[in-house]
Amino acid sequence: MALDHAILVSLLEQPGSGYELARRFERSIGYFWTATHQQIYRVLKRMESDGLLDVRDIPQQGRPDKKEYSVAEPGRDALAAWLHEPIEPESLRHDLAVKIRGAAFDDPAALIREVERHHRVHSERLEHYLTGEWRDFTGPGAPAPLDAGQELQHVVLRGGIAYERMTVAWLDDVLATLHRIGPTAPQA
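Rules and cut-offs
- Residues numbered from 1 in each chain as written.
- Predicted model: local features only at pLDDT ≥ 70, side-chain atom pairs only at ≥ 80, totals over all residues.
- Heavy atoms only, no water.
- Helix = DSSP H or I, 4+ residues; strand = E, 2+ residues; numbered from the N terminus.
- Rg over C-alpha atoms; globule rule 2.2 N^0.38 Å.
- Buried < 20%, exposed > 50% of the residue type's maximum accessible area, 1.4 Å probe, protein only.
- Contact = heavy atoms within 4.5 Å.
- Areas by Shrake-Rupley, 256 points an atom, 1.4 Å probe, with all protein chains shown as cover.
- Lys, Arg positive; Asp, Glu negative; His and termini not counted.
- Charge placed at Lys NZ, Arg CZ, Asp CG, Glu CD.
- Core = buried A, V, L, I, M, F, W, Y, C linked by side-chain atoms within 4.5 Å.
- Axes fitted to C-alpha atoms, helices over the stretch in contact; angles between N-to-C directions.
- Parallel < 35°, antiparallel > 145°, perpendicular 65-115°, else oblique.
- Nonpolar A, V, L, I, M, F, W, Y, C, P; charged D, E, K, R; others polar.

The protein chain carries the name PadR family transcriptional regulator in an unreviewed UniProt entry, which gives Streptomyces salyersiae as its organism.

Have a look at this one:
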């Protein structure tokens, strides 16, 4: 997926400035597609010059005008074309898994702190996802019923929750295995 498509989706959900878009990437879409502020601004400028985005200047008191981006018709067409293209199923490239297998040739117990760090990161991300789900989709302040866009946002979030739960469970298994086998002599 190109950053262009993630930006088009985000701006169709809600027009905004480059800063607002970068914040959205940090807050939600960034867990599935990451980009730096510089990348976002660079792509916004290119997409504007390609005619994919409309831009309007919004006057601000005591500050430069803010540019608000929205998707132009050619941008909608580009996104629709991409949505109809097949994509390759993702492969699981996982550096930690290779380290775990490679630990048989060193001291498996040496990986415990690294696996614990990954466990903390994924546990925190899971909590973040669950908090967002409660706030935006299942808690007392959530809209009911959800519209189609909200339903699709929620199903993506549920996928993230399932992935993080699976990852935390796998890391629990890895830690139990590393503790059980303890330090060993490297294999020949």
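The rest of the description comes next.
Student: Looking at this structure, how should I read the overall build of the protein chain?
Tutor: Secondary structure assignment for the protein chain yields 7 helices and 2 strands. Of the regular secondary structure in the protein chain, the N- to C-terminal order runs α-α-α-β-β-α-α-α-α. Here the C-alpha radius of gyration of the protein chain, 22 Å, is well above what a compact globule of 188 residues would show, namely 16 Å. Here the protein chain holds 188 residues, and 31% of them are scored as buried. The long-range fraction of contacts in the protein chain, counting pairs at least 24 apart against all pairs at least 6 apart in sequence, stands at 59%. Accessible area for the protein chain stands at about 12,600 Å²; split by element, carbon and sulfur atoms hold 55% of it. Positive and negative charge centroids in the protein chain, built from 22 and 29 side chains respectively, lie 5 Å apart.

Student: So what exactly am I meant to see when it comes to the nonpolar core here?
Tutor: In globular proteins that are soluble, nonpolar side chains generally tend to be buried together. Ranked by internal contacts, the top residues of the largest apolar core, which has 18 residues, are Ile7, Leu11, Leu44 and Leu53. Looking at this core, the elements with two or more residues in it are helix H1 (3-13), helix H2 (18-27), helix H3 (37-49), strand E2 (63-71) and helix H4 (73-83). Judged by nonpolar contacts, the second largest core, of 9 residues, contains Ala103, Leu171, Val174 and Leu175.

Student: Honestly, the side chain of histidine 5 in this entry has me stumped. Any pointers?
Tutor: Checked against the element boundaries, histidine 5 lands in helix H1. With residues up to four places along the chain from it excluded, the contact list for histidine 5 reads Leu79 and Trp82.

Student: Even after reading the chapter, I still don't get the packing of H1 against H2, so can you show me in this structure?
Tutor: Angle between the axes and distance between the axes: these two values describe a pair of packed helices. Running from N to C, H1 and H2 point in directions that differ by 100 degrees, and their axes come no closer than 11 Å. As judged from the angle between their axes, H1 and H2 are roughly perpendicular. Here H1 contributes Leu3, Ala6, Ile7, Ser10 and Leu11 to the contact with H2, which in turn contributes Leu21, Arg24 and Phe25. Residue classes in the contact of H1 with H2 are distributed as 6 nonpolar, 1 polar and 1 charged.

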